[in-house]
Every structure is written in C-alpha cells, then in structure tokens.
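Architecture at a glance
Given next are the chains, with one letter for each unit.
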Amino acid sequence: MRWWDIAPVLALEDELFPEDAWSAGMFWSELAHARGPRATRRYLVAETTEGELVGYAGLAAAGGLGDVQTIAVARDQWGTGLGARLLADLLHHATAFECDEVLLEVRVDNTRAQKLYERFGFEPIGFRRGYYQPGNVDALVMRLTVQGTETDSDGC
C-alpha cells in the first residue's frame, strides 16, 4: 500500500465497516512505519487487472509479536480466495519480521472471517468486550503460533 492507495482504501473501508471505519490519519500513521530498514508494518492492496482496488491488509510487528491490523475484501470478491491470499502474505511477512506468534481481533458476528482464520491455524484465546465502537460489538481474539519459531526445551 502506498499513499495514493489511501483514498480507494477509505472508500472500501467505509463500505465494509461503516460504523468503525479507520480514518485517513490511521492509515497514514501505519504507512509511516511500513518502509525502510526499520519497518515494522506490512500493508498491501489487491487490484483487478483494470486497476480497481478490491482488497487490502495490514500487519504490525514488534518484539516477536505480530498483529493483523486489518483485512478487507470487496463483497464482489468474497469466495474467490482473495482474503486467504492477503492473509498468507501477512503471515509470510510475520515470519520475515521474526514473529513468534500473530494475534488478531475479529468481530464476534463475523463468522466468515473467523472460519478463514481457523483454516490458517488461528485459535480463539479470549474476548475484548465492546471492542468495536460505536456499535459496542465484542471482538474474538485469536492467536497463531508461527511455524519454525517455537523455542526448544532449553528456551533457545
């Protein structure tokens, strides 16, 4: 994702998440950490061959922990595997960021997304009550242990 993607990302964000859409400032802040040798973020977009933005995703990483910040796919792309491809890219970069585990929050009423995350090995670990505002919707917190990063019996 680059600065010129923010306007179409915001349009899709508003369409898919009308109650709790991210602001332009939130995306600008995330992108500020997505470039250079000290990057701690991975943001990407998906476009059709005609250049229409149809999805985006973001990951933050720090101290061995990754956090899926956002994944969104245009409704007309649901069921095409785009969400899985976006998530796979984020998890690939979580490994590159040397994350031991990846966390995410997902609305408790978003079973489509929950099933996607479960297919990738995420497991529920708790709830955040009233996380999504202003609708006061709870979030299911899920965690994935990244393969190949587990410590051995000596803790190394």
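Preceding this section is the structure that the text describes.
Here's a quick rundown of the structure. Here the structure is a predicted model, which is why all the values come from computation and not from measurement.

Each helix and strand in the protein was counted, giving four helices and six strands. For the protein, the α and β elements follow one another from N to C terminus as α-α-β-β-β-α-β-α-β-β. For the protein, whose C-alpha radius of gyration is 16 Å, the value lies close to the compact-globule estimate of 15 Å for 156 residues. With the principal axes as the frame, the protein shows a C-alpha extent of 50 × 35 × 30 Å. Considering the protein as a whole, with its 156 residues, one finds that 44% of them fall into the buried category. A sequence separation of at least 24 residues applies to 55% of the contacts in the protein between residues at least 6 apart. Accessible surface for the protein amounts to roughly 8,800 Å². Of this, 50% is attributable to carbon and sulfur atoms. Side-chain charges in the protein split into 14 positive and 24 negative, and the spacing between the mean points of these groups amounts to 1 Å.

This part covers the pairing of strand E4 (residues 101–107). Counting buried positions along E4 gives six out of seven residues, so the element sits mostly inside the fold. Sheet topology note: the strand E3 (residues 65–73)/E4 ladder contains four bridges and is parallel. Bridge pairing in E4 places Gly66 opposite Val102. Viewed along the sheet, the connection from E3 through helix H3 (residues 82–96) into E4 turns out right-handed. Direction of pairing for E4 relative to strand E6 (residues 137–145): antiparallel, over a ladder of seven bridges. Bridging from a neighbouring strand, Arg107 pairs with Ala139 of E6.

Definitions and limits used
- Residues numbered from 1 in each chain as written.
- Predicted model: local features only at pLDDT ≥ 70, side-chain atom pairs only at ≥ 80, totals over all residues.
- Heavy atoms only, no water.
- Helix = DSSP H or I, 4+ residues; strand = E, 2+ residues; numbered from the N terminus.
- Rg over C-alpha atoms; globule rule 2.2 N^0.38 Å.
- Buried < 20%, exposed > 50% of the residue type's maximum accessible area, 1.4 Å probe, protein only.
- Contact = heavy atoms within 4.5 Å.
- Areas by Shrake-Rupley, 256 points an atom, 1.4 Å probe, with all protein chains shown as cover.
- Lys, Arg positive; Asp, Glu negative; His and termini not counted.
- Charge placed at Lys NZ, Arg CZ, Asp CG, Glu CD.
- Pairing = 2+ DSSP bridges.
- Right-handed = clockwise from strand over helix to strand, strands pointing away.

From the geometry alone we can't say anything about function, so treat these as descriptive.
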